[in-house]
Amino acid sequence: MIGEMGRDYYLVLEVGRESTQEDIKKAYRKQALRFHPDKNKAEDAEERFKEIAEAYEVLGDPVGKRKELLLLLLQLQLLLLLQLQQLLLLLLLLLLLHMLLLLLLLLLLHGLS
């Protein structure tokens with residue numbers, strides 16, 4: 001899910017959105033061991049470790065997981081609404097162009113008669 005800083009917690013833990021609490025717990029342990037600053041000397045290991053802990057804090061709690069899924073659903077709905085708005089604006093533009101063509105055709109026909 002998308003956290004405060006725009007991170008997808010499911011991607012951080014490398015689990016699917018349908019994963020169980022046990023799957024999330026296993027993934028957390030695996031990622032935490034992989035990026036623990038005492039075991040991983042990479043520059044970003046500590047930051048990644050904190051991201052993993054944050055992801056588990058949210059997804060490891062069933063209520064937090066539901067909230068994150070609802071947040072994702074709302075974000076997707078917002079994106080769909082924005083795309084729908086763009087499509088409606090394009091449709092309106094096409095309608096206006098069609099009306100303009102009809103008006104020009106009427107003027108042309110009126111001028112010919």
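Residues numbered from 1 in each chain as written. Predicted model: local features only at pLDDT ≥ 70, side-chain atom pairs only at ≥ 80, totals over all residues. Heavy atoms only, no water.

Right, let's get into a nonpolar patch on the surface. Together, L87, L90, L93, L94, L97, L100, L101, L103, L104 and L107 give the surface a local cluster of nonpolar side chains, amounting to about 1,000 Å² of exposed area. By relative accessible area, which is 43% here, L97 ends up partly exposed. (Patch = residues over 30% accessible without salt bridge, like charges linked within 9 Å, V, L, I, M, F, W, Y side chains within 5 Å. Areas by Shrake-Rupley, 256 points an atom, 1.4 Å probe, with all protein chains shown as cover. Salt bridge = Lys/Arg side-chain N within 4 Å of Asp/Glu carboxyl O. Buried < 20%, exposed > 50% of the residue type's maximum accessible area, 1.4 Å probe, protein only.)

So, about the nonpolar core. Within the largest apolar cluster, 13 residues are counted, with the highest numbers of intra-cluster contacts made by Y9, L13, V15, I24, I52, A55 and L59. Going through the elements one at a time, α1 (9-13), α2 (21-35) and α3 (45-59) are the ones with two or more residues in this core. Contacts of I24, omitting those with residues within four sequence positions, involve L13, V15, S19, Y56, L59, G60 and K65. (Core = buried A, V, L, I, M, F, W, Y, C linked by side-chain atoms within 4.5 Å. Helix = DSSP H or I, 4+ residues; strand = E, 2+ residues; numbered from the N terminus. Contact = heavy atoms within 4.5 Å.)

Here the focus is the packing of aromatic side chains. This structure, assessed with the given rule, holds one aromatic pair. Judged by centre distance (4.2 Å) and plane angle (15 degrees), the rings of Y28 and Y56 are stacked. With Y28 in helix α2 and Y56 in helix α3, this residue pair connects regions lying 28 residues apart in the sequence. Sitting over the ring of F35, R48 keeps its end group 4.2 Å from the ring centre. (Phe/Tyr/Trp six-rings, centres within 6.5 Å; stacked < 30°, edge-to-face > 60°. Lys NZ or Arg CZ within 6 Å of the ring centre and 35° of its normal.)

So, on to the pattern of salt bridges. Applying the stated rule across the entire model yields four salt bridges. A salt bridge links R34 to E14, with the nearest nitrogen and oxygen atoms 3.7 Å apart. Of the two residues, R34 is situated in helix α2 and E14 in the loop between α1 and α2; the sequence distance between them amounts to 20 residues.

The values reported here are purely geometric and, on their own, carry no functional implication.
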